[in-house]
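The residues making up each chain are set out below.
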Amino acid sequence: MNDLWQAFFKAISLVVTLDDKLLEIVFLSLRLSLSAVGIALLIALPFGAVLALTKFPGRRILIVIINVFMGLPPVVVGLFVYLLLSRSGPFGVFGLLFTPSAMIIAQVILVVPIVTAITRQVLEELHHEYDELLRSLDVPWYRKVTALVWDARFSLSTAALAGFGRAISEVGAVMIVGGNIDHLTRVMTTAIALEARKGDLVMALALGLVLLAVALGINLFAYSITETVKRRHQ
């Protein structure tokens, strides 16, 4: 028991003193996850808006598929990306396997369904609420989309945070396509798994504390956004 407490206090010391190895892993994790979320937003926000504001054949099927993809097992996504990027795969010529780019691709695939589903739901509810008013004013479609997205900006920020939470906590997919290579593709989740297997509880706990702090920060930020939205609609 004393050994565990000693490891815990040493882990806190690593965080407080900003250990170089710890910072390298944390910054890489943040850089990859933020990049993945940024790319996912560029894809998911327009896609979700189209699903929310237009009617076309196969729309319901697409919505069901997106909802199913929200629960995709990360290891399956990792395996799929691995097969695509391996030397025998269709994109093997680019040499992306076991690089940060491959990890970003896997994270984008995991984040896009989440952001798309939340965007569609938020904008569809607003569309139903304001549709009659916008029709009476004869507002063009592009201005309608702009107005609804602006009004839903706080709720859509929550979608982005949910996507970031999914990306930063991912381990299975990034382990498969990244290889957990030191100084190249080792992020917080994969490093925790490795250090725990090696018996280095100090580094594993330090990374765990940082990951918990990130998760707490995301939830607090999302809660503050939700409260802001509630106050605006009172």
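Within an unreviewed UniProt entry, the label attached to the protein chain reads ABC transporter permease, and the organism entered is Kiloniella spongiae. One UniProt comment on the protein chain, placed under Sequence similarities (unreviewed entry), says "Belongs to the binding-protein-dependent transport system permease family." Its UniProt record, at the heading Subcellular location (unreviewed entry), says of the protein chain: "Cell membrane".

A. Representation of helix α5 (residues 100-136) in the model. Between its first and last C-alpha, α5 extends 50 Å over 37 residues, near the 54 Å set by a 1.5 Å rise per residue. Maximum bend of α5: about 55°, positioned at Y130. Two residues or fewer past α5, D138 is found with a positive phi of approximately 55°.

B. Fine view of helix α7 (residues 153-168). Taking 1.5 Å of rise per residue, 16 residues should cover 22 Å, and α7 covers 22 Å from first to last C-alpha, within 8% of that figure. For α7, the set of buried residues is L156, A159, A160, L161, G163, F164, A167 and I168.

C. Focus on the packing of α5 against helix α6 (residues 141-151). Interaxial distance between α5 and α6 falls to 10 Å at its minimum, and their mutual angle equals 130°. The angle between α5 and α6 falls in the class oblique. Between α5 and α6 lies a crossing whose hand is right-handed. Listed contacts from α6 to L123, L126, H127, Y130, D131 and L134 of α5 are K144, L148, V149 and D151.

D. Fine view of the UniProt feature "transmembrane region" (unreviewed entry) in the protein chain. In the numbering used here, UniProt assigns the "transmembrane region" (unreviewed entry) feature to residues 32-54, 61-85, 91-118 and 201-225. In residues 201-225, helix accounts for 100% and strand for 0%; the two terminal C-alpha atoms are 36 Å from one another.

E. Geometry of the nonpolar core. Judged by nonpolar contacts, the single largest core of 47 residues is most densely connected at L22, I168, V177, M188 and L207. Breaking this core down by element, the ones donating at least two residues are α1 (2-16), α2 (20-53), α4 (74-85), α5, α7, α8 (172-178), α9 (188-198) and α10 (201-232). With 10 residues, α10 is the single largest residue contributor to this core. Not counting residues within four places of it along the chain, the set of residues in contact with I168 comprises S29, L30, S33, M188, T189, L211, V214 and I218. Counting residues in each nonpolar core, the second largest holds 11 residues, with A49, L134, V145 and A152 among its members.

F. How the structure looks around the pattern of salt bridges. Counted by the stated rule, this structure contains five salt bridges. Two residues, R186 and D182, come together in a salt bridge whose shortest N-O distance is 3.6 Å. Note on R186: relative accessible area 12%, which makes it buried. The exposure class of D182 is partly exposed, given its relative accessible area of 36%. E195 is the salt-bridge partner of K198, the closest N and O atoms lying 3.5 Å from each other. Placement of the pair is K198 and E195 together in helix α9, with a separation of three residues, close to one helical turn. Through salt bridges with shared partners, a single network forms among K21, E195 and K198.

G. Spotlight on the side chain of T190. Mapped onto the elements of the fold, T190 is located in helix α9. Here V187 takes part through its backbone nitrogen, which lies 3.1 Å from a polar atom of the side chain of T190. With residues up to four places along the chain from it excluded, the contact list for T190 reads V171, V174, M175, N180 and T185.

H. Expanded view of the packing of aromatic side chains. The full count for this structure, using the stated rule, is five aromatic pairs. On the numbers, 5.9 Å between centres and 65° between planes, the contact of F8 with F9 is edge-to-face. On the basis of relative accessibility, which here comes to 28%, the residue F8 falls in the partly exposed class. Overall, F9 belongs to the exposed group, its relative accessible area being 51%. Through successive ring pairs, a cluster of aromatic residues spans W5, F8 and F9. Lying over the aromatic face of W150, R153 brings its terminal NZ or CZ to 4.0 Å of the ring centre.

Thresholds applied
Residues numbered from 1 in each chain as written. Predicted model: local features only at pLDDT ≥ 70, side-chain atom pairs only at ≥ 80, totals over all residues. Heavy atoms only, no water. UniProt positions renumbered as here; feature names shortened; annotations may be inferred. Helix = DSSP H or I, 4+ residues; strand = E, 2+ residues; numbered from the N terminus. Expected span 1.5 Å × (residues − 1). Bend = angle between axes of the 7 residues up to and from the residue. Buried < 20%, exposed > 50% of the residue type's maximum accessible area, 1.4 Å probe, protein only. Axes fitted to C-alpha atoms, helices over the stretch in contact; angles between N-to-C directions. Parallel < 35°, antiparallel > 145°, perpendicular 65-115°, else oblique. Left-handed = near helix turned anticlockwise from the far one by under 90°. Contact = heavy atoms within 4.5 Å. Core = buried A, V, L, I, M, F, W, Y, C linked by side-chain atoms within 4.5 Å. Salt bridge = Lys/Arg side-chain N within 4 Å of Asp/Glu carboxyl O. Polar contact = N/O pair within 3.5 Å; in protein donor to acceptor, adjacent residues only side chain to side chain. Phe/Tyr/Trp six-rings, centres within 6.5 Å; stacked < 30°, edge-to-face > 60°. Lys NZ or Arg CZ within 6 Å of the ring centre and 35° of its normal.

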